[in-house]
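This is what each chain is made of:
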Amino acid sequence: MQIKAKNNLGLVFFPAFDWSISPTHPERKERLLYTKDQVLEEGLLDIEGIEEYNPLVATIDDVNRTHICIPDTESIISKPHLISAGGAIKAAELVMQQEVDKAFAIIRPPGHHAFRIVYGARGFCTVNNEAIMVEYLRQKYGSDLKIAFVDTDAHHADGTQNIYYNDPNVLHISIHQDGRTLFPGTGFTDDLGGPGAFGRTINLPLPTNTTDQGLHYALDNLILPILDDFDPDLIINAAGQDNHYSDPLTQMKITAQGYAELNEKLDPDLAILQGGYSIESALPYINTGIMLAMAGLDYSYIKEPDYNSKIVKQSTKITDIIKKRVDKLLSSWKKRDEIDIQAKFNTQDYYTTQHNIFYDTAQIRENQQIKIKICPDCSGLMIIDSRAVPLSIGETRNIILPFDVCNECRQLGYNKYEISKSDFNYIYLQDKKEDKLLTNH
Ligand SMILES: [Zn+2]
Ligand SMILES: [Zn+2]
């Protein structure tokens, strides 16, 4: 009898055959090739309702809608970045056009460590595929689309958090190995979003050796209740798989079954591949499990060859730490709209923060000052002054007008763009509503 998927599922593969950071780098094409073999071996593409689609090619404008690449986009990215981002866009379009119920983009190079400002690659990422996809959707289908990211990669999704930190229509949840024990060293429970989107950033750091038990405790008691409240139009799983027990870069203990069950409960519209470096022992099983779960099919037989039920048990100490953090985050989520923003951020005009950003891949050190205007009428004009060493560009000014910008903030942003020309060699203005990026050089 022919098996039929309960949910029609679109798969978009892009292994980027001709692109790598270096030939022996852990982020390489074999990450996807072993998965593709497993998908064929398990006969997934013979199942009625599971179809493979080709990626689109994203445009430079798609990148510029999301990022400010310095000095310019063309000199920083290459064609595989545009196809990887285009793979995410294709997956989203399949869902928006109702060609499928759900879609999974199995693409590389990955994206979630790419910030809004980009000087090069960090954490193996140059541009943020899932953010480029979301900004494309909001431009095409309306900026009032409510989006929820659930990033399950073992590393904190610092890039996606940076892009959406002050965006009220995007909920960003990242669960990851505690930043005190892993790159990029961030993602703690006190980071809750900027003054225009307070409460809509949620970070749950997990202790090393967290198993499926801890992951599912967080899912059942924190993530699913928050998603219920937020009621998004789209749920996106940024499906990083480097918290598998066999991953060489991390110290987590998640199994393919644990991942698949997460996708069944989370019921995402879209999944976008992130990290995962246990190329033969984990990725083929996790990805197949995610696909079956998204298609609404039985995944109980998908197990790693060395799977052992003891892996799933975690110490009570780990369970207690996770419970405490979940309780804290849940209580701040419930109070998010009662907060007096001016008192919380201790200012009536601009909320200012300093950030040191290390590009481990490109060996660049960037210092940013981010100023967000506290505005009663919109989420607020943002000004980012940035300097990167050892680059010789000097300090750059970056002005961002959000989708919901009010007239006053818009005017202020354009005025600042003009008057800053005497002080900065490189100035950029990203106007989300008008869908344009201005630059003076
Ligand atoms: Zn990762
Ligand atoms: Zn405003």
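Here goes a summary of the coordinates provided. Computed from a predicted structure; not experimentally measured. (Residues numbered from 1 in each chain as written. Chains lettered and ligands numbered in written order. Predicted model: local features only at pLDDT ≥ 70, side-chain atom pairs only at ≥ 80, totals over all residues. Heavy atoms only, no water.)

## Remarks on the coordination of the zinc ion (ligand 2)
Consideration 1: The coordination sphere of the zinc ion (ligand 2), as far as protein atoms go, consists of Cys 375 (SG), Cys 378 (SG), Cys 406 (SG) and Cys 409 (SG), spread over 2.3 Å.
Consideration 2: The site at the zinc ion (ligand 2) holds four donor atoms, and with the angles between them running 103 to 116°, its shape is tetrahedral.
Consideration 3: Classification of Cys 406 as buried rests on a relative accessible area of 12%.
Consideration 4: Judged by relative accessible area, Cys 409 falls into the buried class, the value being 0%. (Donors = N, O, S within 2.8 Å, 3.2 Å for Na, K, Ca; no water. Tetrahedral: all angles 85-135°; square planar, octahedral: opposite > 155°, others 65-115°. Buried < 20%, exposed > 50% of the residue type's maximum accessible area, 1.4 Å probe, protein only.)

## Side note on the pattern of salt bridges
Consideration 1: Considering all chains together, one arrives at 23 salt bridges under this definition.
Consideration 2: Of the charged contacts, one joins Asp 62 and Arg 65 as a salt bridge, the two residues approaching to 2.9 Å between their closest N and O atoms. In this pair, Asp 62 and Arg 65 are both assigned in helix α2 (residues 60-66), three residues apart and thus about one turn of the helix distant.
Consideration 3: According to the relative accessible area criterion, Arg 65 is buried, its value standing at 10%.
Consideration 4: A salt bridge links Arg 122 to Asp 158, with the nearest nitrogen and oxygen atoms 3.0 Å apart. One end of the pair, Arg 122, is in the loop between β5 (117-118) and α4 (129-141); the other, Asp 158, is in helix α5 (residues 158-164), with 36 residues separating them in the sequence.
Consideration 5: Relative accessible area serves as the criterion here: at 5%, Arg 122 is assigned to the buried category.
Consideration 6: For Asp 158, a relative accessible area of 6% corresponds to the buried category.
Consideration 7: Put simply, Glu 135, Arg 138, Asp 167 and Lys 432 are held in one network by salt bridges that share partners. (Salt bridge = Lys/Arg side-chain N within 4 Å of Asp/Glu carboxyl O. Helix = DSSP H or I, 4+ residues; strand = E, 2+ residues; numbered from the N terminus.)

## Regarding the coordination of the zinc ion (ligand 1)
Consideration 1: Taken together, Asp 153 (OD), Asp 153 (OD), His 155 (ND1) and Asp 242 (OD) make up the full set of protein donors to the zinc ion (ligand 1), lying 1.9 to 2.8 Å away.
Consideration 2: For the zinc ion (ligand 1), the four donor atoms are set out with angles of 52 to 152° between them, so the coordination reads as irregular.
Consideration 3: Taken in sequence order, the residues that donate to the zinc ion (ligand 1) follow the motif D-x1-H-x86-D. Taken together, the positions of Asp 153 in the loop between β6 (147-151) and α5 and Asp 242 in the loop between β9 (234-239) and α7 (256-266) put the pair 89 residues apart, joining distant regions of the chain. With respect to class, Asp 153 is no different from Asp 242; both count as buried.

## Here we look at the pairing of strand β16 (residues 436-439)
Consideration 1: Strand direction decides the pairing type here: strand β15 (residues 426-431) and β16, joined by four bridges, are antiparallel. Each bridged residue has a counterpart across the sheet, and for Leu 429 the counterpart in β16 is Leu 438.
Consideration 2: In textbook terms, the turn of a hairpin is the stretch between consecutive antiparallel strands, and for β15 and β16 this stretch comprises four residues, one of which, Asp 435, has a positive phi near 55°. (Pairing = 2+ DSSP bridges.)

## Notes on the nonpolar core
Consideration 1: Residues Phe 104, Leu 171 and Met 291 are the most contacted members of the largest nonpolar core, which totals 60 residues.
Consideration 2: If sequence neighbours within four positions are ignored, Met 291 has contacts with Leu 9, Leu 11, Phe 13, Thr 35, Val 39, Leu 44, Phe 104 and Ile 106. (Core = buried A, V, L, I, M, F, W, Y, C linked by side-chain atoms within 4.5 Å. Contact = heavy atoms within 4.5 Å.)

## Notes on the pairing of strand β4 (residues 102-107)
Consideration 1: Burial runs high along β4: six of the six residues are buried.
Consideration 2: Alternating residues of β4 divide into Lys 102, Phe 104 and Ile 106 and Ala 103, Ala 105 and Ile 107, and every residue in both groups is buried.
Consideration 3: Where strand β1 (residues 4-14) lies against β4, six bridges are found, and the strand directions are parallel. For Leu 11, the partnering residue across the bridge sits in β4 and is Phe 104.
Consideration 4: Looking at chain direction, β4 and strand β10 (residues 270-273) are connected through three bridges and run parallel. Looking across to β10, one finds that Ala 105 is bridged to Ile 272.

## Observations concerning the sheet that holds strand β13 (residues 382-389)
Consideration 1: With mixed pairing, the six strands of this open sheet are ordered in space as β11-β12-β13-β14-β15-β16. Each having just a single partner strand, β11 (350-359) and β16 make up the two edges of the open sheet. Here the average twist between neighbouring strands, direction ignored, is 15°. (Axes fitted to C-alpha atoms, helices over the stretch in contact; angles between N-to-C directions.)

## A look at helix α9 (residues 316-334)
Along an α-helix, a turn takes 3.6 residues, which lines up residues three or four apart on a common side.
Consideration 1: Along its 19 residues, α9 runs 27 Å from first to last C-alpha, staying within 8% of the 27 Å computed at 1.5 Å per residue.
Consideration 2: Listing the buried residues of α9 in full gives Ile 318, Ile 322, Arg 325, Val 326, Leu 329, Leu 330 and Trp 333. Buried residues in α9, looked at end-on, bunch into an arc of 135°, giving them a common side. Every exposed residue of α9 that faces more than 90 degrees away from the buried side is listed here: Thr 316, Lys 317, Lys 324 and Lys 334.
Consideration 3: Where α9 is buried, its residues meet β7 (170-177), β8 (201-206) and α6 (212-230). (Expected span 1.5 Å × (residues − 1). Arc of directions from axis to C-beta.)

## Digging into helix α3 (residues 79-96)
Consideration 1: Taking 1.5 Å per residue, 18 residues should reach 26 Å; α3 reaches 25 Å between its end C-alpha atoms and fits that length.
Consideration 2: Burial of α3 is extensive: 16 of the 18 residues sit out of reach of the surface.
Consideration 3: Looking one or two residues beyond α3, the residue adopting positive phi is Gln 98, at roughly 60°.

## A closer look at the environment of Ala 239
Consideration 1: Its place among the elements puts Ala 239 in strand β9.
Consideration 2: Separated by ten residues in the primary sequence, Ala 239 and Asp 229 have C-alpha atoms spaced 22 Å apart.
Consideration 3: Excluding its chain neighbours within four sequence positions, the residues that come into contact with Ala 239 are Thr 152, Ile 272, Leu 273, Gln 274, Gly 275 and Ile 290.

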